[in-house]
Amino acid sequence: MNIKNLVTQYVAFRRALGELCNTSEIHLRAFCRTIGPRTPIAQIRLKDVNAFLAGTGPFTNTWFSKYTALKGAFKFAISRGELATTPLPTDLPKPL
């Protein structure tokens, strides 16, 4: 499964539960554009995720919003058997 399909299915799942998830969708679609929409989710590495989370500016609360969106999508993929482990960082920065 590629990242674009994962994001589409995850957003549809969250909306079926009655959530709006607009911010999560924006972050996940941006992640798709960053790493390429056809990238298989099994090939996503920690360095790719860290580069996306870091962005280009200083550390802000947006980092946590992006992290939460990615965490939900990767957990969704794990629950569907598409991914073995999440490529998310384990050391989180202190919130502002």
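This text goes with the structure placed above it.
Conventions and cut-offs
- Residues numbered from 1 in each chain as written.
- Predicted model: local features only at pLDDT ≥ 70, side-chain atom pairs only at ≥ 80, totals over all residues.
- Heavy atoms only, no water.
- Axes fitted to C-alpha atoms, helices over the stretch in contact; angles between N-to-C directions.
- Helix = DSSP H or I, 4+ residues; strand = E, 2+ residues; numbered from the N terminus.
- Parallel < 35°, antiparallel > 145°, perpendicular 65-115°, else oblique.
- Contact = heavy atoms within 4.5 Å.
- Nonpolar A, V, L, I, M, F, W, Y, C, P; charged D, E, K, R; others polar.
- Expected span 1.5 Å × (residues − 1).
- Buried < 20%, exposed > 50% of the residue type's maximum accessible area, 1.4 Å probe, protein only.
- Core = buried A, V, L, I, M, F, W, Y, C linked by side-chain atoms within 4.5 Å.

### Brief notes about the packing of helix α1 (residues 3-16) against helix α4 (residues 62-79)
Argument step 1. Orientation of α1 relative to α4, taken along the N-to-C sense of each, is 95 degrees, at an axis distance of 10 Å. As far as their axial angle goes, α4 and α1 are roughly perpendicular. Across from L6, Q9, Y10 and F13 in α1, the residues of α4 making contact are A69, G72, A73, F76 and A77.
Argument step 2. Tallied by class, the residues present in the contact of α1 with α4 amount to 7 nonpolar, 2 polar and no charged.

### Description of helix α2 (residues 22-35)
An α-helix turns once every 3.6 residues. As a result, residues three or four positions apart point the same way.
Argument step 1. In this model α2 runs 20 Å from its N-terminal to its C-terminal C-alpha over 14 residues, within 8% of the 20 Å that 1.5 Å per residue would give.
Argument step 2. For α2, the full list of buried residues reads S24, E25, H27, L28, A30, F31, C32 and I35.
Argument step 3. Tucked inside the fold, the buried residues of α2 contact α1, α3 (46-54) and α4.

### Quick notes on the environment of F76
Argument step 1. Inspection of the secondary structure puts F76 in helix α4.
Argument step 2. You can call F76 buried: its relative accessible area is 8%.
Argument step 3. Taking C-alpha positions, F76 is 23 Å from A54, a pair spaced 22 residues apart along the chain.
Argument step 4. Excluding residues within four positions of it along the chain, F76 makes contact with L6, Q9, Y10 and F13.

### Considerations on the nonpolar core
Argument step 1. Membership of the largest hydrophobic core comes to 26 residues, with the highest contact counts inside it found for I3, F31, I44, V49, L70 and F74.
Argument step 2. Of all the secondary structure elements, the ones that give two or more residues to this core are α1, α2, α3 and α4.
Argument step 3. Ranked by residues supplied to this core, first place goes to α4 with 8 residues.
Argument step 4. In this structure, I44 is in contact with I3, F31, I35, T39, V49, F74 and P87, ignoring residues within four places of it in sequence.

The analysis is restricted to geometry; functional conclusions fall outside its scope.
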